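Observations on chain architecture
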Amino acid sequence: MKNINRTMLIIILLAIAVVIAAFSAFHFSHAEDEDEVATDTLMKHTAIQQKEIDLIEKLGGNTPYPQIYVTAETLVQLKGYDKDKAVQEAADRYVERKALVWAAEKNGILVSDQEFESYIQMLIDSIKTADNYDELKAAYDANGLTLDELYRGNEEFYRDNYIIDKLYDKWLQQRLDGETKVSQDEQENLDKTWETFIKETVDEYKKSKTFKAAKLALDASKKIYSAKQTTNVTELKNEKIWIDVNE
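Time to look at the overall build of the protein chain. For the protein chain, the helix and strand inventory stands at 13 helices and 0 strands. N-terminal to C-terminal, the α/β element order of the protein chain is α-α-α-α-α-α-α-α-α-α-α-α-α. Of the contacts formed within the protein chain by residues at least 6 apart in sequence, a portion of 74% connects residues at least 24 apart. Approximately 13600 Å² of the protein chain is accessible, and the part contributed by carbon and sulfur atoms is 49%.

This is the structure:
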């Protein structure tokens, strides 16, 4: 996940921001055309989310495939990526997120079930205050998806994001007035410093047993997406897309 910083959480809190960002690549001369495309994009994005939730429910946990699928499909359908570029970026984002979670857990940063429930409820409440909530709800209704299903049905992703936010808070505090306090000039370039931290963390993570165990499942997920972009659970259950926790 490139440029993961404090604003990342806000973007994630309002899932609709992902859709809005996709609109910026287009220019239309008529408002009617723009509204039509915006609605179509929102419907496509919500349909992809619905497929992800369905994959999670049917495949169970411990596989990167649902996250690879939803990220790659979003890039292909909404941003015009070819599938190979999309699946590689999806994998890179997945590894970055898991590396940061790994680093957080090494530093004793965890999220309790109670904290997570409060966080999920905050996400749902935030979405309901969005200016275009009615359009968003209509898109979810059309795809048979509720906000509760979207957030509680994708616990791994949102728990990871909450853990990363906690890690960032700790990292930032240390650099502003903690044991690794940086100069004023460096404070003004904290985004770059955070990006460097991410890269170093990913490099370290890739040397770990945790990554070694996940890599086979990640590679299999990339391969099956590139070949078929499938959501066929029967097909997927024959693939080696699950992380071996005993590795």
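Attention now goes to unusual backbone geometry. Phi is positive for Asn62, which is not a glycine, with a value near 70°. Checked against the element boundaries, Asn62 lands in the loop between α3 (31-59) and α4 (65-79). In this structure, Gln229 is a non-glycine residue whose phi angle is positive, near 45°.

For the rest of this paragraph, the subject is the pattern of salt bridges. Here the structure, examined in full by the defined rule, presents 15 salt bridges. Glu89 is the salt-bridge partner of Arg93, the closest N and O atoms lying 2.6 Å from each other. Linking Arg93 with Glu89, this pair stays in helix α5 (residues 83-106), spanning 4 residues, or about one helical turn. Residue class for Arg93 comes out partly exposed when judged on its relative accessible area of 29%. Note that Glu117 is salt-bridged to Arg152, the shortest N-O span being 2.3 Å.

Let us now look at the packing of helix α9 (residues 155-177) against helix α11 (residues 190-205). Remark: α9 packs on α11, axes separated minimally by 12 Å, with the N-to-C direction vectors making an angle of 125°. When the interaxial angle is binned, α9 and α11 end up oblique. Where α9 crosses over α11, the two elements pack in a sense that is right-handed. Contacts between α9 and α11 involve Leu167, Tyr168, Trp171, Leu172, Arg175 and Leu176 on the former and, on the latter, Leu190, Thr193, Trp194 and Phe197. Among the residues forming the contact of α9 with α11, the class breakdown is 8 nonpolar, 1 polar and 1 charged.

With 16 residues, α11 extends 22 Å between its outermost C-alpha atoms, agreeing within 8% with the 22 Å of an ideal straight helix rising 1.5 Å per residue. Those residues of α11 that sit buried are Leu190, Trp194, Phe197, Ile198, Thr201, Val202 and Tyr205. The buried side chains of α11 occupy one side of the element, clustering within an arc of 135° when seen end-on. Turned more than 90 degrees off the buried face of α11, the exposed positions are Lys192, Lys199 and Glu200.

Cut-offs and rules
- Residues numbered from 1 in each chain as written.
- Predicted model: local features only at pLDDT ≥ 70, side-chain atom pairs only at ≥ 80, totals over all residues.
- Heavy atoms only, no water.
- Helix = DSSP H or I, 4+ residues; strand = E, 2+ residues; numbered from the N terminus.
- Contact = heavy atoms within 4.5 Å.
- Areas by Shrake-Rupley, 256 points an atom, 1.4 Å probe, with all protein chains shown as cover.
- Salt bridge = Lys/Arg side-chain N within 4 Å of Asp/Glu carboxyl O.
- Buried < 20%, exposed > 50% of the residue type's maximum accessible area, 1.4 Å probe, protein only.
- Axes fitted to C-alpha atoms, helices over the stretch in contact; angles between N-to-C directions.
- Parallel < 35°, antiparallel > 145°, perpendicular 65-115°, else oblique.
- Left-handed = near helix turned anticlockwise from the far one by under 90°.
- Nonpolar A, V, L, I, M, F, W, Y, C, P; charged D, E, K, R; others polar.
- Expected span 1.5 Å × (residues − 1).
- Arc of directions from axis to C-beta.

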